[in-house]
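Coordinate analysis (summary)
Here is how the chains run, residue by residue.
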There are 2 protein chains.
Amino acid sequence: MDKKIKRERSSATKTHILSILEEKKQALAHKDIQLLLDNSVDRVTIYRALDRLVDEGKIHKVTGMEGIVQYAICHNCNKEEHHHNHIHFHCVQCETISCIENVEPKFKLPDGYTVENVQCMVSGVCKNCNSL
Amino acid sequence: MDKKIKRERSSATKTHILSILEEKKQALAHKDIQLLLDNSVDRVTIYRALDRLVDEGKIHKVTGMEGIVQYAICHNCNKEEHHHNHIHFHCVQCETISCIENVEPKFKLPDGYTVENVQCMVSGVCKNCNSL
DNA sequence: GTTTATGCAAATTCTTTGCAATACT
DNA sequence: AGTATTGCAAAGAATTTGCATAAAC
């Protein structure tokens, strides 16, 4: 029940994953990351590195429309506070998921409900694909 | 690539699943449904019945915060048109997911984006639990 | 009688766990 | 030295596929 006191440590896998996510500027699934790592890193190692990055507030999990789990860079988070109420956009043409930073959905629930967290997935055609 | 021409047919499993979902008034996972069917129906049969019900526009899939797939009754859908832009509410106390009908999230995406579909998961405490 | 639904076995995919070896600080 | 990371093997959960039998229309 007690929190594991784990010091953050750099690791080849974590660094590499982060730079991939930075470069692609979109959410990627475990599978994609493994491929982009040239299959040179063990599946399990990738799972664990992703978990640690999530714990450290560096990336966050996004579950796509079809239930596929993906990971994206966190821009406004740290280990203590997470802010993922922004919209995730799934482009049906280029099949990518990306974060629309600074756009939060507004809504009014019926009386009696208390809101803690919001996850919003919007699908459609992204800026890039629309301008082709 | 061609659509399977399947006539809709009644079946014990489909009917039973529908009445369970109607009665519970919340989204249920495959697992829950199997249990509520007293484990008397084969896992695979349930998966297939759920798929068919989704195709027929009778129920829709909801993927919860933690990636658990659940199914809920459709109130405004048919085989041709689906309207699931309403909010799905996940209560962290009673651990249920339910549809908040008629509440759609509003947001404004940057120029260039075209919206086709919206899926919004809100977690918090539901009306029932808040009034206890 | 033709098509769809069911049950069983088996295969796939995704994810997690245990453990020994290695790397980081 | 002490703790976190890695790789491998193996287990576990969720979902899908194939095929023969049963049921619906």
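Above this text you will find the structure in question.
Cut-offs applied
- Residues numbered from 1 in each chain as written.
- Chains lettered and ligands numbered in written order.
- Predicted model: local features only at pLDDT ≥ 70, side-chain atom pairs only at ≥ 80, totals over all residues.
- Heavy atoms only, no water.
- Salt bridge = Lys/Arg side-chain N within 4 Å of Asp/Glu carboxyl O.
- Buried < 20%, exposed > 50% of the residue type's maximum accessible area, 1.4 Å probe, protein only.
- Contact = heavy atoms within 4.5 Å.
- Buried area = accessible area lost by both parts, 1.4 Å probe.
- Polar contact = N/O pair within 3.5 Å; in protein donor to acceptor, adjacent residues only side chain to side chain.
- Helix = DSSP H or I, 4+ residues; strand = E, 2+ residues; numbered from the N terminus.
- Nonpolar A, V, L, I, M, F, W, Y, C, P; charged D, E, K, R; others polar.
- Least-squares fit on C-alpha atoms with pLDDT ≥ 70 in both.

1. So, the pattern of salt bridges
Here the structure, examined in full by the defined rule, presents six salt bridges over all chains. For the salt bridge of K58(B) with E56(B), the shortest nitrogen-to-oxygen distance reads 3.0 Å. The class for E56(B) is buried, based on a relative accessible area of 11%. Here the residues in one salt-bridge network are K14(A), E56(A) and K58(A), joined through shared partners.

2. Brief notes about the interface of chain A and chain B
With 33 residues of chain A at the contact, the number on the chain B side is 33 residues. Together chain A and chain B conceal approximately 2,700 Å² of surface at their shared face, both sides included; 60% is due to carbon and sulfur atoms. On inspection of chain A and its partner chain B, the count reaches zero salt bridges. Inspection of the region where chain A meets chain B yields 13 residue pairs in polar contact (both at pLDDT 80 or more). For the side of chain A that touches chain B, the secondary structure elements donating two or more residues are β4 (87–91), β6 (114–125) and α4 (127–130) of chain A. Considering every element that reaches the side of chain A that touches chain B, the biggest residue donor is β6(A), with 12 residues. Here the side of chain A that touches chain B is composed, by residue class, of 18 nonpolar, nine polar and six charged.

3. Quick look at the relation of the copies chain A and chain B
Put simply, the two copies of the chain differ by a rotation about an axis and a shift along that axis. Screw-axis analysis of chain A against chain B gives a translation of 0.0 Å along the axis, an RMSD of 0.2 Å, and a rotation angle of 179°. Look at the turn and shift together and you get a two-fold axis relating the two. Of the C-alpha atoms belonging to chain A, the one lying closest to the rotation axis is found on C120(A), 2.2 Å away. Here 100% of the contact residues of chain A are again contact residues in chain B; the copies associate through an equivalent surface.

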